[in-house]
Amino acid sequence: QVQFVESGGGLVQPGGSLRLSCAGSEIFFSLYGMGWYRQAPGKQRELVANITKGGTTNYADSVKGRFTISRDNAKKTVYLQMNSLKYEDTAVYYCNYNPPRQLSWGQGTQVTVSS
């Protein structure tokens, strides 16, 4: 089962930006929709952005206009550009297929928005 590896998280001030990356070894990566998910302390994991195999993107209302999901099929990598970060964006961010597969969750990458 493919497991994804997320990177790019960190500590950032409100209004700042981060770019997350997610790489996997899925042979047929280009054939799958992918998603970025996040889980804040005490909350359930939620889908924040997804991209279809054809490149169509969708966003949760809370991040619309601030986050951009993209993919590079040749590198088997999906990205999440996060701009205008807010305190409430603090969470562990994960990528997975969309819909997600239980065995494909990675360790995630921590994003902390704090002044």
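Quick caveat: nothing in here was measured; it's all calculated off a predicted structure.

(A) Region of the structure containing the side chain of Arg-66. Its location among the elements puts Arg-66 in the loop between strand 6 (57-59) and strand 7 (67-72). Sequence-distant contacts of Arg-66, that is, excluding residues within four places in its chain, are made with Gln-81, Met-82, Asn-83, Ser-84, Leu-85, Lys-86 and Asp-89.

(B) The arrangement of the packing of aromatic side chains in detail. With the rule as written, the count across this model stands at four aromatic pairs. Between Tyr-32 and Tyr-97 the ring centres are 5.2 Å apart and the planes differ by 70°, which places this aromatic pair in the edge-to-face class. With Tyr-32 in the loop between strand 3 (18-23) and strand 4 (34-39) and Tyr-97 in strand 9 (residues 91-97), this pair connects stretches of sequence that are 65 residues apart. Since its relative accessible area comes to 26%, Tyr-32 is described here as partly exposed. On the basis of an interplanar angle of 80° and a centroid distance of 5.8 Å, the ring pair of Tyr-94 and Trp-105 is categorised as edge-to-face.

(C) A look at the nonpolar core. With 27 residues, the main nonpolar core has Trp-36, Val-78, Leu-80, Met-82 and Tyr-93 as its most contacted residues. For this core, the elements supplying multiple residues, two or more each, are strand 3, strand 4, strand 5 (46-51), strand 7, strand 8 (77-82), strand 9 and strand 10 (109-113). Top contributing element to this core by residue count: strand 9, with four residues. For Leu-80, the contacting residues outside a window of four places in its chain are Leu-18, Arg-19, Leu-20, Trp-36, Val-48, Ala-49, Phe-67, Thr-68, Ile-69 and Tyr-93.

(D) Structural view of unusual backbone geometry. The linkage connecting Asn-98 with the following residue, Pro-99, adopts the cis geometry, with an omega of 5°. Mapping Pro-99 onto the fold places it in the loop between strand 9 and strand 10. The backbone of Lys-76 sits at a positive phi, close to 55°, despite the residue not being glycine. Structurally, Lys-76 is set in the loop between strand 7 and strand 8. By relative accessible area, Lys-76 is classed as partly exposed at 26%. With a phi close to 50°, Ser-84 is a non-glycine residue in the positive phi region. In this fold, Ser-84 is placed in the loop between strand 8 and strand 9. Judged by relative accessible area, which is 39%, Ser-84 ranks as partly exposed.

Criteria and thresholds
- Residues numbered from 1 in each chain as written.
- Predicted model: local features only at pLDDT ≥ 70, side-chain atom pairs only at ≥ 80, totals over all residues.
- Heavy atoms only, no water.
- Helix = DSSP H or I, 4+ residues; strand = E, 2+ residues; numbered from the N terminus.
- Contact = heavy atoms within 4.5 Å.
- Phe/Tyr/Trp six-rings, centres within 6.5 Å; stacked < 30°, edge-to-face > 60°.
- Buried < 20%, exposed > 50% of the residue type's maximum accessible area, 1.4 Å probe, protein only.
- Core = buried A, V, L, I, M, F, W, Y, C linked by side-chain atoms within 4.5 Å.

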